[in-house]
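Single-letter residue listing:
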Amino acid sequence: MIKVTIKCFSQVKYAFGKDELNLELETGTSTLELENIIREKAKGKLDTVSLRIALNQKYIPIQTELKDGDEVAFIPPVQGG
Amino acid sequence: MIITPKELYARISEFTVIDVRPEIQRSEFPMDGVDTIISKNGSIPNIEGLKVLVCQFGIVTEGMIIENELYDTYSLLGGAQAWIEFQSKKEDLSRWSRQTVLPEIGLDGQKKLMDGMVAIVGMGGLGCPAAQSLVTAGIGELVLIDGDDVELSNLHRQMLHGEDDIGKKKVVSAKESLSKINALTSIESIDVYLDEQYGLDLIQNCDVVIDATDNIETRQLIDRFSKESNIPMVYGGLYRWEGQVAVLNVNGSPGYRELFPEPPSGGDTCADAGVLGMLPNIIGNIQALEAVKLIIGIEPNLVGKLLMYDGMNHSTQIIKL
């Protein structure tokens, strides 16, 4: 198992009511699989929201294997101005 | 009291000018065109009549006047630096002395700003503070692009518009407010929404385009024009208590399309999601700051990075794109 920290922004933060989530995942879990887990946990609140993923403060391709201690941010587009 | 180089030049016969700078500064930056008395060890000679104290940047002398309660004595705004510039070009830059004293800006940076041209797309929550900061900083030209009218619900965050402006075009109301701040900035108000047909023409001669819109479609359009014309785009976006800023399309650096690939969805507008009034003013000012850095050439900046700010807990995060 690995432990990862999820940084929550904008709609993701409001979906969970938290800035940060700490999750324990199967070893070998990818960022795409984590996104699916997050969407499922949000119970429909993120269904229409597109998300970009940053791993350890850096944008990454969607399929990257996570390691123990990673910090993952899901970043939605924000429209307001 | 303070006096500008231009005012001193016009009334030079009325004043005794006292140079309080150390010898090394006096010899490196001589004050041509005016007879000065040298202050010994920072003391102010007891001379009748009106006096002007001069230091290098005009800050030391303002302090001396307050400290010694010299109410009949003036400090030269911007100091010897501003006087020398005025003597060489007859251009008075002393009003910007508080920022030209910064080594990263200086007179050269100020001149770049005064020759600079910025387009701002959207004159709402982000556009108002961005425009205000650029005008106060002395930007040469602004192009304001927005087809919208001022509404009552805008006023809690859009500080260039007031109650009497409701129903006016936002670009007209903004220009009226901005012109009162700094008449030297040339402001062009274009009361249309940026579109495919004319958008590129509107921003083409600018050094920077600030994305202060409230919808993703226009952001994508600005991104395309920015890429095509190689004009950097300073993106800003808001969601409730949070804001994002990124500097995009600088010599091939990532653009909005790389930030949020098509088709983005789920981004609520301020009308849908709500926004705290202070938030756009913080984010719009960061956009103006990045525009100033681009024009002057100051690094580090937000090229290739996404800044995320949360006004609730004041956390910031910078993501590499």
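Heads up: these notes are all about the structure in this document.

Residue and element names in this part refer to chain B. In this fold, Ser253 is placed in the loop between strand S11 (242–248) and helix H11 (256–259). Take Ser253: its relative accessible area is 13%, and that puts it in the buried class. When the C-alpha atoms of Ser253 and Lys227 are compared, they prove to be 9.5 Å apart, with 26 residues separating the residues in sequence. In this structure, Ser253 is in contact with Val247, Leu248 and Val303, ignoring residues within four places of it in sequence. Separated by 3.3 Å, the side chain of Ser253 and the backbone nitrogen of Asn249 make a polar contact. Among the polar contacts listed, one links the side chain of Ser253 to the backbone nitrogen of Val250, at a separation of 2.8 Å.

Frequently, the measure chosen for interface size is the accessible area that the parts lose on association. Between chain B and chain A, the residue contacts involve 41 residues of the former and 23 residues of the latter. Roughly 2500 Å² is buried in total at the junction of chain B and chain A, and carbon and sulfur atoms are behind 52% of that figure. For chain B, the biggest contributors to the area lost against chain A are B:Tyr239, B:Glu242 and B:Gln317; these three give 21% of the whole. Taken together, the connections running from chain B to chain A amount to one salt bridge. A salt bridge links B:Asp310 to A:Lys13; its shortest N-O distance comes to 2.5 Å. Inspection of the chain B/chain A interface yields 17 residue pairs in polar contact (both at pLDDT 80 or more). Every element with two or more residues in the side of chain B that touches chain A is listed here: helix H10 (216–229), strand S10 (233–239), S11, H11, strand S12 (305–310) and strand S13 (315–320) of chain B. Tallied by class, the residues present in the side of chain B that touches chain A amount to 19 nonpolar, 13 polar and nine charged.

Cut-offs used in this document
Residues numbered from 1 in each chain as written. Chains lettered and ligands numbered in written order. Predicted model: local features only at pLDDT ≥ 70, side-chain atom pairs only at ≥ 80, totals over all residues. Heavy atoms only, no water. Helix = DSSP H or I, 4+ residues; strand = E, 2+ residues; numbered from the N terminus. Buried < 20%, exposed > 50% of the residue type's maximum accessible area, 1.4 Å probe, protein only. Contact = heavy atoms within 4.5 Å. Polar contact = N/O pair within 3.5 Å; in protein donor to acceptor, adjacent residues only side chain to side chain. Buried area = accessible area lost by both parts, 1.4 Å probe. Salt bridge = Lys/Arg side-chain N within 4 Å of Asp/Glu carboxyl O. Nonpolar A, V, L, I, M, F, W, Y, C, P; charged D, E, K, R; others polar.

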